[in-house]
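Tertiary structure, described
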Amino acid sequence: MIIIMKANASDGDIEAVLTRLESGGWRTHVSKGEERTIIGIIGDERRLDQGAMSRMDGVDRVVPVLRPFKLASRDFQPDDSKVSINGHVFGGNKIVVMAGPCSVESLEQMRETAIAVREAGAHMLRGGAFKPRTSPYSFQGMGEAGLKILAQVREETGLYVVTEVMSPDQVELVSKYADMLQIGTRNMQNYALLNAVGQTNMPVLLKRGMMSTIEELLMSAEYIMSNGNHRVVLCERGIRTFEKYTRNTLDINAVPVLKELTHLPVVVDPSHATGKWTLVKAASKAAVAAGADGLIIEVHPNPAEASSDGEQSLKPQRFAELMVEVGRVAAAVGRSV
Ligand code: PEP
Ligand code: MN
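To keep things clear, this report deals only with the structure shown in the data block. Residue positions are given per chain, counted from 1 along the sequence in the order it is written. Chains and ligands are labelled sequentially in the order written, the chains with letters from A and the ligands with numbers from 1. It should be noted that, the model being predicted, local features are given only for residues of pLDDT at least 70 and side-chain atom pairs only at 80 or more, the latter also being counted only at that level, while totals for whole chains, interfaces and linings use all residues. Working from all heavy atoms in the structure, the side-chain values ignore hydrogens and water.

1. Remarks on the packing of helix α3 (residues 107–120) against helix α11 (residues 316–332)
The convention used is that axes are lines fitted to C-alpha atoms, helices contributing only their stretch in contact, and that angles between N-to-C directions extend from 0 to 180 degrees. Helix and strand labels come from DSSP, where a helix needs a run of H or I of at least four residues and a strand needs a run of E of at least two; each type is numbered from the N terminus. In the contact formed by α3 and α11, the axes pass within 9 Å of each other and the chain directions differ by 20°. Taken together, the axes of α3 and α11 are roughly parallel relative to one another. Crossing of α3 over α11 shows right-handed handedness. On α11, the residues that touch Ala116, Val117 and Ala120 of α3 are Pro316, Phe319, Ala320 and Met323. Gly is put with the polar residues, along with every residue not named as nonpolar or charged; the nonpolar set is Ala, Val, Leu, Ile, Met, Phe, Trp, Tyr, Cys and Pro, and the charged set is Asp, Glu, Lys and Arg. The class makeup of the residues in the contact of α3 with α11 is 7 nonpolar, no polar and no charged. Angle categories are assigned with fixed cut-offs, so that under 35 degrees is roughly parallel, over 145 is roughly antiparallel, 65 to 115 is roughly perpendicular, and the rest are oblique. The sense of a crossing depends on the near helix, which, turned anticlockwise from the far helix by less than a right angle, makes the crossing left-handed and, turned clockwise, makes it right-handed. In what follows, a contact means two residues having at least one pair of non-hydrogen atoms within 4.5 Å.

2. Side note on the sheet that holds strand β3 (residues 37–42)
DSSP bridges decide pairing: two strands pair if at least two such bridges lie between them. Pairing is antiparallel across the open sheet formed by 4 strands, whose spatial order is β2-β3-β1-β4. Because the sheet does not close on itself, it has two edges, and the strands there are β2 (27–32) and β4 (59–63). Geometrically, the sheet is characterised by an average inter-axis angle of 20° between neighbouring strands, direction not taken into account. Sheet topology places β2 next to β3; 6 bridges connect them, and they run antiparallel. What sits directly across from valine 30, in β3, is isoleucine 39.

3. Notes on the site of ligand 1
Proximity criterion: a residue is near a molecule or strand once any of its heavy atoms comes within 4 Å of it. Neighbouring ligand 1 are Cys102, Arg126, Lys131, Glu164, Gln182, Gly184, Thr185, Arg186, Lys207, Arg237, His272 and Glu298. Whenever a nitrogen or oxygen atom comes within 3.5 Å of another N or O atom, the pair is scored as a polar contact, on the condition that within protein one atom can donate a hydrogen and the other can accept it, and that pairs from neighbouring residues in sequence are kept only if both atoms are in side chains. In this structure, lysine 131 approaches ligand 1 through a side-chain N or O atom, which is 3.0 Å from an oxygen atom. Note on areas: these come from Shrake-Rupley sampling with a 1.4 Å probe, and a residue is covered only by the protein chains present in the view. In the complex, 97% of the free accessible area of ligand 1, which totals 300 Å², lies under the protein chains. The way it works is a 1 Å grid over only the protein atoms, where trapped points that fit a 1.4 Å probe form a cavity and open points with protein on both sides within 12 Å along at least five of seven lines form a pocket, and then any residue with an atom within 4 Å of a point lines it. Grid points define the cavity or pocket, and a molecule sits in it when more than half of its atoms lie within 2 Å of them. Because more than half of its atoms lie within 2 Å of the grid, ligand 1 is assigned to the largest pocket. Broken down by class, the residue content of the shell around ligand 1 amounts to 1 nonpolar, 4 polar and 7 charged.

4. A look at the nonpolar core
Here, the term nonpolar core denotes a set of buried Ala, Val, Leu, Ile, Met, Phe, Trp, Tyr and Cys residues that are joined through side-chain atoms within 4.5 Å. Here the term buried applies to any residue with accessible area under 20% of the maximum for its type, exposed to any over 50%, and partly exposed to those in between, with areas from a 1.4 Å probe on protein chains only. The biggest cluster of nonpolar side chains holds 75 residues, and the ones touching the most others in it are Leu125, Val197, Leu206, Leu234 and Phe319. In contact with leucine 125, other than residues within four places in its own chain, are Ala99, Gly100, Met110, Ala114, Val117, Leu150, Val153, Leu159, Tyr160, Val161 and Val162. Judged by nonpolar contacts, the second largest core, of 16 residues, contains Met5, Leu18, Met53 and Val59.

5. Looking at helix α4 (residues 144–157)
Compared with an ideal rise of 1.5 Å per residue, which puts 14 residues at 20 Å, α4 spans 20 Å between its outermost C-alpha atoms and is within 8% of the ideal. Buried within α4 we find Gly146, Leu147, Ile149, Leu150, Ala151, Val153, Arg154 and Thr157. Residues of α4 that are buried sit in contact with α3, β8 (124–126), β9 (160–164) and α5 (171–177). Of the residues flanking the end of α4, it is glycine 158, one or two places downstream, whose phi is positive at about 80°. Here the expected length of a helix is defined as 1.5 Å per residue gap, with one fewer gap than residues.

These figures capture arrangement, not role.
Shown next, in the form of structure tokens:
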């Protein structure tokens, strides 16, 4: 349920509505828009006396929210959320670009990549220290040593870091070194992990499960938000379909659909969505044209030697070319990179 206040409702009117709800045991979420304030109600709605609420001073109307996600929904908060990391704002006019290798492999590899992607205009650095690999025999990541490398390269380059956290017991450790916690596709419905990151104040990059619906993605965001952490950025990274030519199918629809359903920022991962470096530039441009707020792109100085995902990793020079073309598309849709 949401309560839409009248445009001329006073602060006192809003306060009175909040007091009444909170003393009745409901939790509230206030969204102050330019025109009017909307109060979201979280809790058992059947107990709510809608008629009495709608007669309170300053209340325009009481409207049910039929969707299962509440805090994440545009009904609760019509204005776009902004998630800021060191001045880079997801959900604003600028497209935020995160780039770097799939896995952290060495200090030299991270340093070289970071300098190159920063030079090309990237805003943040990516790199996995804990890797969720399909095979237990594949490289599993450098662990804490990899996190230390990320933190050192951040010191050297000023690029803030997004990196994956795979389990609740890693949240504290990864938060010590990272600036944004990535939840991977395989963990989108790891509810213990969602609860754990929800109890931090860290920005979260929540990737869509490879076989999850858009609604399931938003329900996972709701887990994080209902724990008190609203700094959630959603990521479309491709879903499984019958098509085998690409690793996944980039669900470009997800971008405008999410923009309709939620106020949360939306980014696209064209690397995992395609699985082939030759397709990454086109997918990036499509994402920005469709309204994405950011991109996360795999870049490696020597993709042939990469410990993971070399086939979809761009060489730095190709990433630089991509940034120029993405910049043109951004300008065409009234945004910048
Ligand atoms: C990654 O970003 O390297 C990764 C493992 O992504 P996903 O969880 O989308 O497969
Ligand atoms: Mn990868």
